Amino acid sequence: MRILRPLSALPVTPRVALSIASKPKLGPRLWNINNSPITIIFRPNPRYQSTWAAIEMEKVNTTARLAELRKLMSENEVDVYIVPSEDSHSSEYIAPSDARRAFISGFTGSAGCAVVTHDKAALATDGRYFNQASKQLDENWVLLKQGIQDVPTWQEWSADQAVDGKVVGVDPTLVTSGTAKKLSEKIKKSGGKELIPVEENLVDKVWGVDRPPQPNEPVIVLSDKFAGKDVKTKLADLRKELEKKKSLGFVVSMLDEIAWLFNLRGNDIPYNPVFLSYAIITADEATLYVNSSKLDSKCQSYLAENGVVIKPYEDIFGDATALRKSATAKKTEGTSDNKKFLISNRASWALKRALGGEDMVEEIRSPIGDSKAVKNETELEGMRACHIRDGAALIEFFAWLEDQLIVKKATIDEVEAADKLEALRAKQKDFVGLSFSTISSTGPNAAVIHYKPERGSCATVDPNAVYLCDSGAQYLDGTTDTTRTLHFGEPTEAEIEAYTLVLKGNIALDRAVFPKGTTGFALDGLARQFLWQQGLDYRHGTGHGVGSYLNVHEGPIGIGTRIQFSEVALSPGNVISDEPGYYEDGNFGIRIENIIMVKEVQTKHKFGDKPYLGFEHVTMVPYCRKLIDSSLLTDAEKAWLNDYNTDIWNKTKGYFEKDELTTAWLKRETEFF
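Enquirer: Which residues make up the overall build of the chain, and what values go with them?
Expert: Counting its regular elements, the chain contains 20 helices and 31 strands. Computed over C-alpha atoms, the radius of gyration of the chain comes to 26 Å, within 12% of the 26 Å expected from 2.2 N^0.38 for 673 residues, which places it in the range of a compact globule. When its C-alpha atoms are laid out on the principal axes, the chain stretches across 80 × 55 × 50 Å. Across the chain, every contact between residues at least 6 apart in sequence was considered, and the portion connecting residues at least 24 apart equals 71%. Summing over all exposed atoms, the chain offers an accessible surface of approximately 27100 Å²; the carbon and sulfur share of this is 50%. Averaging the positions of the 82 positive and the 93 negative side-chain charges in the chain gives two centres separated by 2 Å.

Enquirer: Account for the packing of aromatic side chains, naming residues and giving values.
Expert: Aromatic rings in a pair are described by how distant their centres are and how their planes are angled relative to each other. Using the criterion set out here, one finds 15 aromatic pairs in the structure. Between F431 and Y475, the aromatic rings sit 5.9 Å apart at their centres with planes inclined by 75°, giving edge-to-face as the arrangement. Of this pair, F431 sits in strand β18 (residues 431-434) while Y475 sits in strand β21 (residues 473-475), and the two are 44 residues apart along the sequence. Feature note: the residues F397, F398, W400 and W665 constitute an aromatic cluster, connected by ring pairs. In this structure, R389 is placed above the aromatic ring of Y475, and the distance from its NZ or CZ to the ring centre is 5.2 Å. One cation-aromatic arrangement involves R625 over F673; the distance from NZ or CZ to the ring centre is 4.0 Å.

Enquirer: Provide a residue-level description of the sheet that holds strand β15 (residues 308-311), including the pertinent values.
Expert: Taken in spatial order, the six strands make up an open sheet running β15-β14-β13-β11-β16-β17, and their pairing is mixed. Unpaired on one side and paired on the other, β15 and β17 (361-364) mark the two borders of the sheet. For this sheet the average axis-to-axis angle between neighbouring strands, irrespective of direction, equals 20°. Note: strand β11 (residues 249-252) against strand β13 (residues 278-281), three bridges, orientation antiparallel. Each residue of the ladder has a partner; that of V252, found in β13, is A279. Strand contacts of helix α9 (residues 231-244): β11, β13, β14 (286-289) and β16 (341-344), with the helix running at about 65° to β13, the strand carrying the most contacts. The strands touched by helix α12 (residues 316-333) are β11, β13, β14, β15 and β16; relative to β13, the strand with the most contacts, the crossing angle is about 25°.

Enquirer: A description of α9 should follow, citing residues and the corresponding values.
Expert: Relative to the 20 Å expected for 14 residues at 1.5 Å per residue, α9 spans 20 Å between its end C-alpha atoms, a close match to the ideal helical length. Restricting attention to buried positions, one finds in α9 the residues V231, K234, L235, L238 and L242. Mapping the buried residues of α9 onto a view down its axis gives an arc of 95°, with all of them on the same face. Every exposed residue of α9 that faces more than 90 degrees away from the buried side is listed here: K232, K240, E243 and K244. For α9, the N-terminal capping position is held by D230, with its side-chain oxygen 3.1 Å away from the main-chain nitrogen of K232. Downstream of α9 by one or two residues, K246 has phi in the positive range, about 50°.

Enquirer: Describe the sheet that holds strand β6 (residues 121-125), naming the residues involved and giving the relevant values.
Expert: One open sheet holds the six strands; their spatial order is β7-β6-β5-β4-β8-β9, and the pairing between them is mixed. Strand pairing shows two members of the sheet lacking a second neighbour, β7 (142-145) and β9 (194-197), which therefore form its edges. Looking at each pair of strands side by side, their axes are set apart by 25° on average, direction ignored. Contacting β4 (80-84), β5 (113-117) and β6, helix α2 (residues 63-75) crosses the sheet at an angle of about 65° to β5. Relative to the sheet, helix α6 (residues 177-189) contacts β4, β8 (167-170) and β9, its axis offset from that of β9 by approximately 140°.

What counts and what doesn't
Residues numbered from 1 in each chain as written. Predicted model: local features only at pLDDT ≥ 70, side-chain atom pairs only at ≥ 80, totals over all residues. Heavy atoms only, no water. Helix = DSSP H or I, 4+ residues; strand = E, 2+ residues; numbered from the N terminus. Rg over C-alpha atoms; globule rule 2.2 N^0.38 Å. Contact = heavy atoms within 4.5 Å. Areas by Shrake-Rupley, 256 points an atom, 1.4 Å probe, with all protein chains shown as cover. Lys, Arg positive; Asp, Glu negative; His and termini not counted. Charge placed at Lys NZ, Arg CZ, Asp CG, Glu CD. Phe/Tyr/Trp six-rings, centres within 6.5 Å; stacked < 30°, edge-to-face > 60°. Lys NZ or Arg CZ within 6 Å of the ring centre and 35° of its normal. Pairing = 2+ DSSP bridges. Axes fitted to C-alpha atoms, helices over the stretch in contact; angles between N-to-C directions. Expected span 1.5 Å × (residues − 1). Buried < 20%, exposed > 50% of the residue type's maximum accessible area, 1.4 Å probe, protein only. Arc of directions from axis to C-beta. Polar contact = N/O pair within 3.5 Å; in protein donor to acceptor, adjacent residues only side chain to side chain.

Rendered as structure tokens:
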């Protein structure tokens, strides 16, 4: 194996300092112990200077916003106020009207929590966003780097600020009951008074008339030919689960679960085909809480035919309270046993309180989420089909981009490249839209894990630098998410080695065979092992579940070190990503992502009489040939690559019969090793 380039091997120029965790790195580094955690002052290669300058992110002056929020905190007798990222449905992606944490802090990443006291403000986020947050937060804020040793969690920081009997407040619709309970315990243990629900959101009052309106996009019916299972069957299956648990009913709050259960899709959340709603399912009733203006006559008739009652979205908490009172009265009269309402462990504190709290509510992992994660044969076939079409669009895009940059010497910025890719996807059958904002990143921007290029201020794609493209689309028959890292010029030895180590991890996970009952937590090391052997790693998960024309990030499964990934075993029908990476802040980033589906495999033996499982890959886009050092690959890895390339060629070549440019590119990239 080639030795990694020594630290002094590249010319360096001072540019910028970012705080990240201490760990071995590829390429040049100067180390400066500043605070805890360690601050790394990196010096990028001079060839990236113009690109790097382009990604400076604008800071928002939050002084006036914080002053107004603190005034409202005083009026509500709150000493510490928590502003989560999520909406009332624990959504990862949210509508603009729910972007409260971004508004109050200026940090626009998708994950994080803001905590404000009368004289301090802290923003907690994970390793994907350390770089971005350090650029966007103004001087009013302290960045809490979650996962770094000796850095408190936002819960710990909140409790620390509550000493001497202080009160902590939060909008109860924006945190789960479990989070509220644990936080309340921490606050009291630290000497704080209590955690209280603040019914009126204080950030909304600061935001005022400038807050975007709540979305009201139309809802459509998803045909059974795409869903694979009708609503009546899904409701019957759910009611069997409710009967097993002897419950009063299930109150559904997760938007993708509601969309899946009723075979409906919406457009209230960017990139996620869901709609703002709640549902209550009992033994004999199904009620959907949604603004009726979203439903055309076809939707309303469809729901009526399936025995679903429609009520206004805003009625959910009033109806939950009424259900609680009715159930309590029956218990008092002795006409009912001790059955409880069921809610997801991701339902809000407010919803649990409305239903009667611990005495009336049991929190569980959602049976709808579990069912949704195991795709039926129709959904699996849809995933295979849409990934071929999506792969064809990506192949055409990469061939076009290389031709524009190398042959035509065109100047194309990151957003223009992303626009071209979207246009190519839009030509494909059953295209609906993107599944997330395209990460189109050149050079050092590729090291920003969730980088988002901004129109008018983004970098120009540099043909002599790494180009990372993480993108996906929504089709009626499935959801895609593919990352490819390319180089259109002459990559450095460090870039080639990093890419090949990441590729080996990607292949190792794809080739894994494991007994039934294995979790994604147990498989994570397979993708990291080759980086680990060099003292390297990446600061994000290896895989996330993927919905079927639903959210691109879907629970409860995943591959990574999060404790929840140890709680749910992988099962045939699960669809999940395989995306190891490596990132050199200030120089380059590498990520390779395929979508894989869990399937049962045949093995010579079956120890313990257990079935054994493996993966089927559906992503149909070749890897970047010039970034692969084949001397680092085993014969088995080369054989796997050759089989994969043959599969890509056979399934996509028909899309380019009259396109000599793309055909030539595809043929070159899928040649045998």
